[in-house]
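Observations on the three-dimensional arrangement
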Amino acid sequence: MEDQTPPMRPENIIDIPNEQVFANGDIYVGKFKGFLPHGEGKYTWSDGKIYEGQWEEGKMTGKGCMRWRSGATYEGGFSGGYLHGFGTLTGVDGSVYTGAWRMNVQHGTGRKDYSNSDFYEGSWKEGLQEGNGRYVWNTGNTYVGNWKAGNMCGRGVMMWANGDEFHGFWLDGLRHGSGLYSFANEGYYVGTWSRGLKDGQGTFYPTGSKVLSLPKLYRDLGRDGDNQSVLSHTSSVGAKEFKVWKRRITRSLSEKFLAGVRRKKSVRISNRSVSLHSDWCPGDSVKDVPLRERARALSLPFREGHDTVEEDNLVYVREYMQGVLIKESVQNYAEGMDNRSKMKNRLQDKETKKRPGEIIFKGHRSYYLMLNLQLGIRYTVGKITPVPMREVRSSDFGPRARIQMYFPRNGSQFTPPHYSIGFWWKDFCPMVFRNLREMFKIDAADYMMSICGSDGLRELSSPGKSGSIFYLSQDERFVIKTLRRHELMVLLKMLPNYYNHVQSYENTLITKFFGLHRIMLKGGRKVRFVVMGNMFRTELRIHRRFDLKGSSQGRYTDKQEIDENTTLKDLDLSYVFQMDKSWRESLFKQISLDSTFLESQGIIDYSLLLGVHFRAPQHLKVFSGSALTELSYSGSSKSHGMSSQELSVPPKGLLLVTHEPSSVSTAPGPHIRGSTLRASTAGNQEVDLLLPGTGRLRVQLGVNMPAQANCKLPHEEDDESTVDLIEVYDVVLYLGIIDILQEYNMKKKIEHTCKSFCYDPNTISAVEPHLYSKRFVSFLEKVFPDQT
């Protein structure tokens, strides 16, 4: 809405007393202060719009009523000519919003009744649902939980009118992350979803299952959300009063929701809504649906396929890929189970590991360390951010370039009181890391909220031999790793050259560092941290992850320990990946630049961290000689052959389209910097990856890179054929170079000498930097072979 301030120039005034007619046809009747409306008055614009209410020196300010010629009306607060404060807007279509306003848009707490009898009540931001809220559809479906930019996003509960319920996490209006889907017949499925589709491992509990109680599963699922605030609602809405409040309680979100839906429903105002295309389904891209309709579409009643099993103790352990069931095993936990509680604990532990890491709560071994880290980062970022931006100097580097402060428990002149224990805080090279965050487009406020927010951090188990502890921010954008003293010194030593390298090459694959800190507790214990970007903070689910060094000695994983979150090694990799020729050239050009830089710094033991997202199994194909045949995922049935030339590049499940910046995510994070890739198969244009049922993704070097994964199948014992069978998968790749803080020092030289007596020196990890770099690149050239 435009500023409704009337023209008040003195030359337009024709008459003075209590009624004033202006040259443009506008009319004002009311009180004046000099030449300006002031006090109570009525203003009629020449286009038929009418305002009646309070004025302050020519501006609509205070209580008033606005009526538009179209029939829309607003009654409530105004300020400076804008709808501002608390008020009610009745739209032309009959929709009614009652709540808070800021500068002509809904902002704060409010309720909107739509023309089709849907209604939403909760938090708004800049005209869109954001924060905690409840949406009720006219079909009887209800969602209660978190919203962002008009979409269901975060933790929430959906209850369908048919009795089905989903308790878990959402992203852009789609189920995404861990969750529990309970069916009206009392069966339930606990697992993970990706963009609205079941994706990964999960367990289906049939009707009547006695293995686990549903309330206990609810509590396990909501364990890390005990302190989440949840919306409570009033039973009625008045024009002058609207109360929505938050309560911090220690029940799971599921229990809160069930309590909320028992309350008396609010009075609805009948209105009309824009209808949704009938062919849209929950798997479609949410970007093609109007903001309010995205939530509405997802409430359309549907039932997920499930079985009804009478056996009390049968459960189905399932694995899905992009919504397709690829593996299932039936287990009966009643057999040989003398101690039922132990089995329950194991199952509960498995389900709570769906989301990576263990939440750090009060009483956790890392709780006070986390509080200290958050206090220190909040202090440092707040201190360095107001400093004017400038180029770094030589004095900004080195161990002497630091901010140091003591944080007593009771606070001081410079530090706030806190609930942790007193500690010394040291922030290394604050100006350098401030510039690095700016370079990677990390907003200071977002950085602090991500790491220092009330949700806390999650502790990850260490995947390597270093013994380091890893922490993950709640939004998973940042990884915090503990360092040994020599690693910290290596980073400080190489920091000037690292800064120049990442500044010169925006597509670098090397780990992105955002902060380097040290905490010293009473007694002299020192803990050092580095904050890094999480390269697996992706829009697609990572199904397999590999840590590739190019060495072979000991580079395998115990098969009994492998699951979706396991980081596999060189000898576990059975795939080769083929991609657009120009992308491969760009990839190895950058890998060569990065490995040469690391070689110049005397660094070894780094690796390529590779994440692989597999598309749905319907895109799985098999080459047999020169013929291409469709194959079911189990490999049990084949259809008629077709020419190998019919295989599209990229595969048919991975469609490349011309890049449109407005259609892809630009959320700040580790992947925002870097150019968009050009595809030779698309006329050398910048491209986006379009995934049916998922969305549109920007393709960058190391991010959202479509490819084919080829895996040679072993011959069966009675198969005398000489023709190789090769599985071909559509995949999306994510990759980066990590663990770059190990120098080739005397300890590594001794390790190399000792192991050389027992193993081939070329197969062990500890080799001098030039050989390590050469072997690293050569190995990756086999993993990503040239198609020519």
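Residues numbered from 1 in each chain as written. Predicted model: local features only at pLDDT ≥ 70, side-chain atom pairs only at ≥ 80, totals over all residues. Heavy atoms only, no water.

**Regarding the overall build of the protein chain**
Counting secondary structure elements, the protein chain contains eleven helices and 45 strands. The proportion of buried residues among the 788 residues of the protein chain is 53%. Excluding contacts between residues fewer than 6 apart, the proportion of contacts in the protein chain whose partners are at least 24 apart in sequence is 54%. For the protein chain, the computed accessible surface area is about 36,100 Å², with 51% contributed by carbon and sulfur atoms. (Helix = DSSP H or I, 4+ residues; strand = E, 2+ residues; numbered from the N terminus. Buried < 20%, exposed > 50% of the residue type's maximum accessible area, 1.4 Å probe, protein only. Contact = heavy atoms within 4.5 Å. Areas by Shrake-Rupley, 256 points an atom, 1.4 Å probe, with all protein chains shown as cover.)

**Focus: the pattern of salt bridges**
In total, this model carries 22 salt bridges according to the counting rule given. Two residues, Asp475 and Arg477, come together in a salt bridge whose shortest N-O distance is 4.0 Å. You can call Asp475 partly exposed: its relative accessible area is 26%. Between Arg696 and Asp688 there is a salt bridge, with the nearest N and O atoms lying 2.9 Å from each other. The pair formed by Arg696 and Asp688 is uniform in burial state, with each residue classed as buried. (Salt bridge = Lys/Arg side-chain N within 4 Å of Asp/Glu carboxyl O.)

**A short note on the packing of aromatic side chains**
All chains considered together, the criterion is met by 47 aromatic pairs. Measuring from ring centre to ring centre gives 5.0 Å for Tyr181 and Phe183, while their planes differ by 45°; the resulting arrangement is tilted. Take Tyr181: its relative accessible area is 0%, and that puts it in the buried class. A relative accessible area of 4% places Phe183 in the buried class. Taken together, a centroid distance of 6.0 Å and an interplanar angle of 70° make the contact between Phe183 and Phe204 edge-to-face. Pair noted here: Phe183 is in the loop between β15 (174–182) and β16 (188–194) and Phe204 is in strand β18 (residues 200–205), with a separation of 21 residues, a long-range link. Judged by its relative accessible area of 1%, Phe204 falls in the buried class. The ring centre of Phe119 lies 4.0 Å from the NZ or CZ of Arg111, which sits over that ring. Above the ring of Phe166, the side-chain terminus of Arg175 is found at 5.6 Å from the ring centroid. (Phe/Tyr/Trp six-rings, centres within 6.5 Å; stacked < 30°, edge-to-face > 60°. Lys NZ or Arg CZ within 6 Å of the ring centre and 35° of its normal.)

**Brief notes about the packing of helix α9 (residues 581–600) against helix α11 (residues 769–783)**
Two elements in contact, α9 and α11, have axes separated by 9 Å at closest approach and are oriented at 165°. One finds that α9 runs roughly antiparallel with respect to α11. Here the hand of the crossing between α9 and α11 comes out right-handed. Along the contact surface, α9 presents Arg584, Phe588, Ile591, Ser595, Thr596 and Glu599, while α11 presents Pro769, His770, Ser773, Phe776, Val777, Leu780 and Glu781. (Axes fitted to C-alpha atoms, helices over the stretch in contact; angles between N-to-C directions. Parallel < 35°, antiparallel > 145°, perpendicular 65-115°, else oblique. Left-handed = near helix turned anticlockwise from the far one by under 90°.)

**Remarks on the side chain of Asp688**
Relative to the helices and strands, Asp688 is located in strand β41 (residues 685–691). A distance of 2.9 Å separates the side chain of Asp688 from the side chain of Arg696, its partner in a polar contact. The contacts of Asp688, once residues within four sequence positions are left out, are Leu655, Leu656, Val657, Thr658, His659, Glu660, Val664, Arg696, Leu697, Arg698 and Val699. (Polar contact = N/O pair within 3.5 Å; in protein donor to acceptor, adjacent residues only side chain to side chain.)

**Some points on the environment of Ser504**
With respect to the helices and strands, the residue Ser504 is situated in helix α8 (residues 485–504). Of note is the side chain of Ser504, whose polar atom sits 2.8 Å from the backbone oxygen of Asn500.

**Things to note about the confidence of the model for the protein chain**
Residue-level pLDDT values for the protein chain average 77, and 73% of them are 70 or greater. Within the protein chain, α8 carries the highest mean pLDDT (96), whereas strand β38 (residues 642–643) carries the lowest (32). Counting interchain partners and residues more than four positions distant, the pLDDT-below-50 stretch residues 335–354 has 26 contacts. The model gives residues 624–651 a pLDDT under 50, and that stretch makes 52 contacts with residues more than four places away or in other chains. (pLDDT = per-residue confidence, 0-100.)

**A word on the sheet that holds strand β26 (residues 457–460)**
With respect to topology, eight strands assemble into an open sheet ordered β23-β26-β27-β28-β30-β29-β25-β24, the strand pairing being antiparallel. For this open sheet the edge positions go to β23 (358–359) and β24 (402–407), each flanked by a neighbour on one side alone. By the bridge criterion, seven bridges tie strand β29 (residues 513–521) to strand β30 (residues 526–533) in an arrangement that is antiparallel. For Arg518, the partnering residue across the bridge sits in β30 and is Arg528. The strands touched by helix α6 (residues 430–439) within the sheet are β24, β25 (423–428) and β29, with β29 carrying the most contacts at an inclination of about 145°. (Pairing = 2+ DSSP bridges.)

**Here we look at unusual backbone geometry**
The phi dihedral of Arg195 falls on the positive side, at around 50°, and the residue is not glycine. Relative to the assigned elements, Arg195 resides in the loop between β16 and β17 (197–198).

**Looking at the side chain of Arg775**
Of note, Arg775 is situated in helix α11. Buried and unpaired, Arg775 has no salt bridge, with Asp605 as the nearest side chain of opposite charge at 6.6 Å. Arg775 has contacts with Gly550, Ser551, Pro761, Asn762, Thr763, Ile764, Ser765 and Val767, leaving out every residue within four places of it along the chain. (Lys, Arg positive; Asp, Glu negative; His and termini not counted.)

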